[in-house]
Amino acid sequence: MSQYLDSVMETVVARNAGEKEFHQAVKEVLKTIEPVVEKHPEFIKEKIVERLVEPERQLMFRVPWVDDKGEVQVNRGFRVQFNSAIGPYKGGIRLHPSVYLGIIKFLGFEQIFKNALTTLPIGGGKGGSDFDPKGKSDREVMAFCQSFMTELWRHIGPDTDVPAGDIGTGAREIGYMFGQYKRLSNTFTGVLTGKGLEWGGSLARTEATGYGLIYYVTRMLQDAGTDWNGKKVVISGSGNVAIYANQKATSLGAKVVAMSDSNGYIVDEGGIHLDIVRDIKERRRGRIKEYVDEVKSAQYVEGCRGIWSIPCDIALPCATQNEINGDEAALLVKNGVQFVGEGANMPSTLEAIDTFQNAGVFFGPAKAANAGGVATSALEMCQNSMRYSWSFEEVDAKLQGIMNSIYDQCTRTAEAYGKKGDLVAGANMAGFLKVAKAMMAHGIC
Ligand code: NDP
Ligand code: 2IT
């Protein structure tokens, strides 16, 4: 890193004390954009990087609600409106007990560059709460979502900030939040994405992140002269991203042998039966270990991190941040992994990324590889504005076109700045360039 970028990093750490995930996300970007910054001294003069690492607005608020025992619960809500240089703030809402400001800021920061790569006009933002939907009744989830939106609604809008799903926020939560927004604002607008198909949602949004990941990795495979056929794949997580990544990879001839949740992982060497996983996860809201009750030949192992000890050709981390550390990356390499595609946000630590890249593993970074979800959210916004809807095939074809374009941007930008084959640098530099140019055009703001 140049002395200049080093000093920006030092300021970020000092100003955002204790927010280690945010520091990591910023460092990953600053480590790779030096060639672009060198070529554009005007970015330094106008303090583009210093402005980019500072959110435009950060909201933190109280979310009180009443549980089924009649007790009052108090959670904390967040929305970080990070950057609106190329469009309204756009990004999901994470509901997980680990959520604090540092997590929402890392996600919001990543979202800026990811959204820029989609080619669509969306800025970067992220929200969430330390509320845990697991084990809560539908009524409790509704009470929380209504209270959360009772504060949030005044800060968002279809041309201002458009939230969506993320960990713990699926169709049910988006429904309750949308209902409350509609009631408070007395408007029916596309203020959230990931909506139900009956009330403004887009076909293929549910599948989009997982499918998009597979479309992106398909290009990586093609560049290496191969394809999915017969490849052994390990996918962490068993939520929205993991399920549809499995579905698409399997349809292209891959064999997915392992999936996980936060408690442990299942191994089914014959190939995981996705219908059983979907029944457990989507319909029963159960745990992945229930899989072995139905498939006797499969194995369940307690503890989610062991999943990276399973030999595979392709690893797709689709659960959460920092789920692969340097040692786990080294183990994957030792066992022969050739491709890694990040479905989750920042699933690999900085050491893990270095380990993969130094070993010659073809590595697809989250900002590019998982951008299909938010891209299809932007297609949902587009359909809402037109008061129209496209067929599944139309949306899926647009998604494929977008993932191809993202892959091309990553490879071309990497090559143009002397980093041929480095998709991490390519994604960061391409996303940064687009946002930086828009910020330059807008003057100091
Ligand atoms: P879901 O809530 O549907 O699923 C999350 C999965 O990851 C579950 O299997 C969950 O297990 C597991 N998980 C969550 N937190 C942890 C943890 N701390 N340790 C271990 N496992 C964990 O979320 P999504 O599938 O939507 O999101 C998965 C990842 O993909 C996240 O990083 C998200 O930010 C990212 N992403 C999501 C997009 C989307 O459109 N949904 C778009 C782009 C990125 P358990 O059930 O035990 O909690
Ligand atoms: O991390 C992400 O890109 C998402 N959770 C999806 C955001 C969106 O607005 O669809």
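Coordinates for the structure precede this section.
Analysis parameters
- Residues numbered from 1 in each chain as written.
- Chains lettered and ligands numbered in written order.
- Predicted model: local features only at pLDDT ≥ 70, side-chain atom pairs only at ≥ 80, totals over all residues.
- Heavy atoms only, no water.
- Helix = DSSP H or I, 4+ residues; strand = E, 2+ residues; numbered from the N terminus.
- Rg over C-alpha atoms; globule rule 2.2 N^0.38 Å.
- Buried < 20%, exposed > 50% of the residue type's maximum accessible area, 1.4 Å probe, protein only.
- Contact = heavy atoms within 4.5 Å.
- Areas by Shrake-Rupley, 256 points an atom, 1.4 Å probe, with all protein chains shown as cover.
- Axes fitted to C-alpha atoms, helices over the stretch in contact; angles between N-to-C directions.
- Parallel < 35°, antiparallel > 145°, perpendicular 65-115°, else oblique.
- Nonpolar A, V, L, I, M, F, W, Y, C, P; charged D, E, K, R; others polar.
- Pairing = 2+ DSSP bridges.
- Patch = residues over 30% accessible without salt bridge, like charges linked within 9 Å, V, L, I, M, F, W, Y side chains within 5 Å.
- Salt bridge = Lys/Arg side-chain N within 4 Å of Asp/Glu carboxyl O.
- Near = heavy atom within 4 Å.
- Polar contact = N/O pair within 3.5 Å; in protein donor to acceptor, adjacent residues only side chain to side chain.

Asker: Describe the overall build of the protein, and please don't skip the residues or the numbers.
Answerer: Broken down by element type, the protein carries 18 helices and 12 strands. Its C-alpha atoms give the protein a radius of gyration of 21 Å, within 12% of the compact-globule value 22 Å for 445 residues. Counting only C-alpha atoms and orienting by the principal axes, one finds that the protein spans roughly 65 × 55 × 45 Å. Sorting the 445 residues of the protein into buried and exposed places 58% on the buried side. The contacts in the protein between residues at least 6 apart in sequence include a share of 71% that link residues at least 24 apart. Total accessible area computed for the protein in this model is approximately 17500 Å², and 50% of it derives from carbon and sulfur atoms.

Asker: Go over the packing of helix α2 (residues 20-30) against helix α6 (residues 101-117), please, and point to the residues and values.
Answerer: At a minimum axis separation of 7 Å, α2 and α6 run at an interaxial angle of 25 degrees. With respect to α6, the axis of α2 lies roughly parallel. Seen from α2, the contacting residues are Glu21, Phe22, Ala25, Val26, Glu28 and Val29; seen from α6, they are Gly102, Ile103, Lys105, Phe106, Phe109, Glu110 and Phe113. Its residues assigned to classes, the contact of α2 with α6 comprises 8 nonpolar, 1 polar and 4 charged.

Asker: Describe the pairing of strand β6 (residues 232-236), listing the residues and the values that go with them.
Answerer: β6 sits mainly inside the fold: 4 of its 5 residues count as buried. Bridge analysis of β6 against strand β7 (residues 255-260) gives 3 bridges, and the strand direction is parallel. Looking across to β7, one finds that Val234 is bridged to Ala258. Looking at chain direction, β6 and strand β10 (residues 314-317) are connected through 4 bridges and run parallel. Residue Ile235 lies in a different strand from β10, and its bridge partner there is Leu316.

Asker: Account for a nonpolar patch on the surface, with residues named and values stated.
Answerer: Nonpolar side chains collect at one region of the surface, where Val66, Val72 and Val74 lie side by side and expose about 280 Å² of accessible area between them. Residue placement: Val74 occurs in strand β2 (residues 72-83). A residue is classified by how much of its surface remains accessible, and Val74, at 57% relative accessible area, is exposed.

Asker: How would you explain unusual backbone geometry if you had to name every residue and give the values?
Answerer: Apart from glycine, the bulk of residues carry a negative phi angle, and the bulk of peptide bonds sit in the trans form. Look at Lys47: it is not a glycine, yet its phi comes out positive at around 50 degrees. In this structure, Lys47 sits in the loop between α4 (41-45) and α5 (48-52). Residue classification places Lys47 among the partly exposed positions, given a relative accessible area of 47%. Positive phi, close to 55 degrees, is recorded for Asn322, a residue that is not glycine. Here Asn322 is to be found in the loop between β10 and α13 (326-334).

Asker: Please provide a residue-by-residue account of the site of ligand 1, values included.
Answerer: In the neighbourhood of ligand 1, 27 residues make up the surrounding shell, with Asp166, Thr209, Ser262, Arg287 and Asn345 lying closest. Between ligand 1 and the protein, one listed contact pairs an oxygen atom with a side-chain N or O atom of Lys134 at 2.8 Å. Note that an oxygen atom of ligand 1 is positioned 2.7 Å from one of the side-chain N or O atoms of Thr209. Taking 890 Å² as the accessible area of ligand 1 by itself, protein coverage stands at 85%. Among the secondary structure elements, those contributing two or more residues to the shell around ligand 1 are α9 (205-223) and α10 (240-251).

Asker: Which residues make up the site of ligand 2, and what are the values?
Answerer: Taken together, 14 residues are adjacent to ligand 2, and Lys90, Gln111, Lys114, Asp166 and Ser377 come closest. Residue Lys126 places a side-chain N or O atom 3.0 Å away from an oxygen atom belonging to ligand 2. Taking Ser377, its side chain carries an N or O atom lying 2.5 Å from an oxygen atom of ligand 2. Across the complex, the protein chains shield 94% of the 300 Å² of accessible surface that ligand 2 would expose by itself. Breaking the shell around ligand 2 down by element, the ones donating at least two residues are β3 (89-95), α6 and α16 (372-386). By residue class, the composition of the shell around ligand 2 is 2 nonpolar, 7 polar and 5 charged.

Asker: For the environment of Asp161, give the residues involved together with the corresponding values.
Answerer: As for its placement among the helices and strands, Asp161 is situated in strand β5 (residues 161-164). When the C-alpha atoms of Asp161 and Lys126 are compared, they prove to be 9.5 Å apart, with 35 residues separating the residues in sequence. Setting aside its immediate chain neighbours within four residues, Asp161 contacts Arg79, Gln81, Pro88, Tyr89, Lys90, His155, Ile156 and Val191. Side chain to side chain, Asp161 and Gln81 meet in a polar contact 2.8 Å long.

Asker: Explain the sheet that holds β7 to me, and be specific about the residues and the numbers.
Answerer: The strand order across the open sheet built from 7 strands is β9-β8-β7-β6-β10-β11-β12, with neighbouring strands paired in mixed fashion. On the outer flanks of this sheet lie β9 (299-302) and β12 (362-364), each paired with one strand and no other. Neighbour to neighbour, the strand axes of the sheet diverge by 15 degrees on average, direction disregarded.

Asker: Explain the sheet that holds β3 residue by residue, including any values.
Answerer: As summarised here, the arrangement of the 5 strands in space is β1-β2-β4-β3-β5, forming an open sheet in which the pairing is mixed. Two strands bound the open sheet, and with one partner strand each, they are β1 (57-66) and β5. Taking each pair of neighbouring strands and ignoring which way they run, the sheet shows an average axis angle of 20 degrees. Across 6 bridges, β2 lies against strand β4 (residues 123-129) in antiparallel orientation. Across the sheet, Arg79 pairs through a bridge with Gly127, a residue of β4.

Asker: Got a sec to walk through the pattern of salt bridges? Specific residues and values, please.
Answerer: Counted by the stated rule, this structure contains 24 salt bridges. One salt bridge connects Lys105 with Glu19, and the closest N-O pair in it is separated by 2.7 Å. One end of the pair, Lys105, is in helix α6; the other, Glu19, is in the loop between α1 (3-15) and α2, with 86 residues separating them in the sequence. Of the two residues, Lys105 and Glu19, both sit in the buried class. We note a salt bridge from Arg139 to Asp68, for which the minimum N-O separation is 2.9 Å. Taken together, the residues span a long stretch of sequence, with Arg139 in helix α7 (residues 138-152) and Asp68 in the loop between β1 and β2 at a distance of 71 residues. For Arg139, a relative accessible area of 37% puts it in the partly exposed group. Each of the salt bridges in this network shares a partner with another, and the network as a whole consists of Asp279, Arg283, Arg284, Glu290 and Glu294.

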